[in-house]
Amino acid sequence: MPLWVDKYRPNSFDKFVVHKDIADNLKKLVATGDFPHTLFYGPPGAGKKTLVMALLRAIYGAGVEKVRVETKPWKIDLPSRKLEVELTTLSSNHHLELNPADVGSNDRYVVQEIIKEMARSRPMGADGSRGFKVLVLNEVDRLSKEAQQGLRRTMEKYSSACRLIMVCSNVSKVMEPVRSRCLCVRVAAPSDAQVMEVLQGVAKKENLVLPEAFAARVVDYAGRNLRRALLCLEVCRAQQYPFGDSQEPQRADWELYIAEVAKNIMDEQSPKQLYLVRSKLYELLANCVPPELIMRQLTFELLKRMDDEIKLETVSYAAQFEQRLQEGAKAIFHLEAFVARVMSNVKTYLVSCGLA
Amino acid sequence: MSTQPWVEKYRPKNVSEVAYQEEVVNTLTRALETANLPHLLFYGPPGTGKTSTALAIARQLYGPELMKSRVLELNASDERGIHVVREKVKAFAATAVGAPVPGYPCPPYKLLILDEADSMTQDAQNALRRTMETYSRVTRFVFICNYVSRIIEPLASRCAKFRFKPLQPAIMAGRIEHICERESVTLGPGALDTLSAVSGGDLRRAINTLQSAARLGGGHVDRATLLDVSGQVAPEVVSSLAAACRATGAAGRFGALQKQVQNIIAEGYAAQQVLLQLQAELLSGADGGSDLRLCGALEALAGADYSLVVGADEALQLLNVTGQVHAALAAA
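Residues numbered from 1 in each chain as written. Chains lettered and ligands numbered in written order. Predicted model: local features only at pLDDT ≥ 70, side-chain atom pairs only at ≥ 80, totals over all residues. Heavy atoms only, no water.

With that settled, the discussion passes to the overall build of chain B. Looking only at helices and strands, chain B features 15 helices and seven strands. Across its three principal axes, chain B shows a C-alpha extent of roughly 80 × 45 × 30 Å. Looking at chain B as a whole, 52% of its 332 residues qualify as buried. Here the analysis covers contacts within chain B between residues at least 6 apart in sequence; of these, 78% occur between residues at least 24 apart. (Helix = DSSP H or I, 4+ residues; strand = E, 2+ residues; numbered from the N terminus. Buried < 20%, exposed > 50% of the residue type's maximum accessible area, 1.4 Å probe, protein only. Contact = heavy atoms within 4.5 Å.)

Residue and element names in this part refer to chain A. Entries for chain A in the domain assignment read domain 1 (4-186), domain 2 (192-239) and domain 3 (253-352). Once you take the C-alpha centre of each, domain 1 and domain 2 turn out to be 31 Å apart. Across the boundary between the two partners, domain 1 contributes nine residues, which contact 16 residues of domain 2. Both faces considered, domain 1 and domain 2 share a buried interface measuring about 1200 Å² in area, 67% of it formed by carbon and sulfur atoms. (Domains from an automatic or database assignment. Buried area = accessible area lost by both parts, 1.4 Å probe.)

Our next topic: the packing of helix H12 (residues 291-305) of chain A against helix H13 (residues 311-327) of chain A. All names here are of chain A. Packing of H12 against H13 leaves a shortest axis separation of 10 Å and a crossing angle of 175 degrees. Regarding the angle of H12 to H13, the classification is roughly antiparallel. Only Lys311, Thr314, Val315, Ala318, Phe321, Glu322, Leu325 and Gln326 of H13 make contact with H12, whose side of the interface consists of Pro291, Glu292, Met295, Thr299, Leu302 and Leu303. Here the contact of H12 with H13 is composed, by residue class, of eight nonpolar, three polar and three charged. (Axes fitted to C-alpha atoms, helices over the stretch in contact; angles between N-to-C directions. Parallel < 35°, antiparallel > 145°, perpendicular 65-115°, else oblique. Nonpolar A, V, L, I, M, F, W, Y, C, P; charged D, E, K, R; others polar.)

Moving on: the interface of chain B and chain A. Between chain B and chain A, the residue contacts involve 43 residues of the former and 42 residues of the latter. Together chain B and chain A conceal approximately 3700 Å² of surface at their shared face, both sides included; 53% is due to carbon and sulfur atoms. The three residues of chain B that bury the most area against chain A are Leu216(B), Phe254(B) and Leu316(B), which together make up 18% of that side's buried surface. A salt bridge links Arg253(B) to Asp308(A), with the shortest nitrogen-to-oxygen separation between them at 2.8 Å. Among the elements of the structure, helix H9 (203-217), helix H10 (223-229), helix H12 (254-267), helix H13 (271-284), helix H14 (291-309) and helix H15 (314-330) of chain B are those that each provide at least two residues to the side of chain B that touches chain A. At nine residues, H15(B) tops the list of elements feeding residues into the side of chain B that touches chain A. (Salt bridge = Lys/Arg side-chain N within 4 Å of Asp/Glu carboxyl O.)

Right, let's talk about the sheet that holds strand S7 (residues 183-186) of chain A for a bit. Residues and elements named next belong to chain A. Strand order in the open sheet formed by seven strands is S2-S3-S4-S5-S6-S1-S7, with mixed pairing between adjacent strands. Across the chains shown, the open sheet's two edge strands, defined by having one partner strand only, are strand S2 (68-77) and S7. Within the sheet, the average angular offset between the axes of one strand and its neighbour, ignoring direction, is 25 degrees. For strand S3 (residues 82-91) and strand S4 (residues 95-98), the ladder comprises two bridges, and the chain directions are antiparallel. (Pairing = 2+ DSSP bridges.)

All right, on to the domain arrangement of chain B then. Domain assignment breaks chain B into domain 1 (6-163), domain 2 (169-230) and domain 3 (235-330). Computed from C-alpha coordinates alone, the two centres of domain 1 of chain B and domain 3 of chain B are separated by 43 Å.

As a further point, take helix H5 (residues 145-157) of chain A. All names here are of chain A. Look at H5: 19 Å from first C-alpha to last across 13 residues, which is about the 18 Å you get at 1.5 Å a residue. The axis of H5 is deflected most strongly, by about 30 degrees, at Leu151. Three or more residues of H5 are buried, namely Ala147, Gln148, Gly150, Leu151, Arg152, Thr154 and Met155. On its buried side, H5 packs onto helix H4 (107-120), strand S6 (162-168) and helix H6 (176-180). (Expected span 1.5 Å × (residues − 1). Bend = angle between axes of the 7 residues up to and from the residue.)

What follows is about the packing of aromatic side chains. What the rule picks out here adds up to four aromatic pairs over all chains. Ring centres of Phe141(B) and Phe143(B) lie 6.0 Å apart, and the angle between their planes is 15 degrees; on these two criteria the pair is classed as stacked. Of the two residues, Phe141(B) and Phe143(B), neither departs from the other in class, the shared state being buried. An aromatic cluster of at least three residues, connected via ring pairs, comprises Phe42(B), Phe162(B) and Phe164(B). The lysine or arginine in question, Arg228(A), covers the ring of Tyr221(A), its NZ or CZ lying 4.6 Å from the ring centre. (Phe/Tyr/Trp six-rings, centres within 6.5 Å; stacked < 30°, edge-to-face > 60°. Lys NZ or Arg CZ within 6 Å of the ring centre and 35° of its normal.)

Residues and elements named next belong to chain B. Over its 21 residues, helix H3 (residues 50-70) extends only 19 Å from the first C-alpha to the last, a length that falls short of the 30 Å expected when each residue adds 1.5 Å. The largest bend in H3 is about 105 degrees, located at Gly63, with the proline Pro64 one to four residues further on. The buried fraction of H3 is high, at 15 of 21 residues.

This part is about the pattern of salt bridges. Residues and elements named next belong to chain A. The full count for this structure, using the stated rule, is 26 salt bridges over all chains. In this structure, the salt-bridge partner of Glu206 is Lys7, at a minimum N-O distance of 3.0 Å. Of this pair, Glu206 sits in the loop between helix H7 (192-205) and helix H8 (212-222) while Lys7 sits in helix H1 (residues 4-7); the two residues are 199 residues apart in sequence, bridging distant segments of the chain.

Moving on to the nonpolar core. Grouped together as the largest cluster of nonpolar side chains are 49 residues, with contacts concentrated most on Phe35(A), Phe40(A), Leu55(A) and Ile165(A). Contact partners of Phe40(A), with chain neighbours within four places excluded, come to Leu26(A), Lys48(A), Leu51(A), Val52(A), Leu55(A), Ile165(A), Met166(A), Val167(A), Cys168(A), Val185(A) and Val187(A). (Core = buried A, V, L, I, M, F, W, Y, C linked by side-chain atoms within 4.5 Å.)

So this is what it looks like as structure tokens:
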């Protein structure tokens, strides 16, 4: 049985509840059967991928939903050496989807090679129309600078045979020349009211009774992330039904764990406590929670628990150490340094207030 | 609607069609009459017509057919290390010219256009010095760059330099209206002003933005669509953020800032764009505060911009920078 997130994903432009305006515009755009290179950007869970799939479906029909996962080695001849990379792609007869960031530092060659390959195997429609394939690139913000440079010219050269749809959450990391060659579509996160509307719609289709107060808590928990809201609702359904008025939405394990770390930091500031926190951070990293996510979540959890006077300093430290984390090699150093800094700061503040 | 980019479609065909660069155009037109050209160096901000001028010169000298063999254009996406300069450029520069075609001046030299020359390495530029002189009888070089300071002095001194200036809003409006008329696009109220504000003198950007907006809006372009496709943050959002930065008392609490920032992140705006517009907003609304306080705020903005470029988290940086700006403005 599919998850609700997939089950109730709108697959045509007419069924969109949020981003109705974008859907209408895109519908007009593809009415001619053609569209320019496009870049979708916006926060996670806002509906970027849903829009992309609906766009593909509007052009090619249901065929695009028959996808197969392929892992095949690509052999690329470079002037200086031969390169072989293993790459997992998701493709249908009409499009191909990949995460270029998976390939690491060779991404520039891979992206160019794939586009050339697509151009070679250009499909011919019976009426000679629709002679292009679509390449969907996820997470282009993680594409290296060189790969983006290479894209500039490739995008123009092969534009008749291959259209690019790019998806990213951090548009600052996509360079200006690439952006200016695309139709940029900003996908904002749905408002709380819209998330509520979707939740109620899903509840109705599943024949559930959704109490107002409980739904509001789920919306609040999701923080304008639709995917999170739906997943959370489904988990809650599995846990307890009918929904209790006082039922709390189940938070993810790692979130609870980070909240606990924040509590530890605020409870006691000592080397011993630092040691305890350190082991918890290790635990989080060992479970593959991305370090920048830990840093962000921890900062917001800390902000909830501290006085206004020291909030700004805490955020400054977070910003400073998060940047070092990106530039550095080992995440644990910077996370720990941040915790130590905050502890010392909190302690100084408490002493100055005469509380400790 | 054709998918050909309008920037290509409406690229000027003659040097005299290039908008707003009178000094450059006059000098070049005279040079073209005698068909005697020095080496050229065009510099100036993006979207002011440098590449267009170079291509127009080529077209006027050789005509569309002969252009293919007489002109070599290399830009930053092509491989342009020192070995390319040594082999490809030298090979092209050294070949003799073919027979002229009637109807065009066809002077007895070729044109080598090096676009985005400021991204060439110093070594590659140095390797060009002697090549330029040796083959000057059969080849003229055109360097195009944004920053003339990145071209090494020995190369710059071998060229006639031309500076391209950012386009005035009125000139830009004329071009935009011309394109709208040809493409039968209608402009909503305020769209033209928004377009010139968004592009800041960059005609290519203005045309690209216009085309994207026209595609989305199906032939009608209004202000909101323009703001959206250009990636600009809505002015209301920025002004309310700036107000929160200036606020004192209960409205200036950290929680208020945090809420604003989280909203901006959820709306999907690019943090760097927010910084850019916040800076403009802070500078324009000089609220009688001393300049020194503004200095602190601007320093914070600069730091955040750097951090974002090296890949730091948008939410944390934005929250930090607004907090810093607030603190700087509140300082006595």
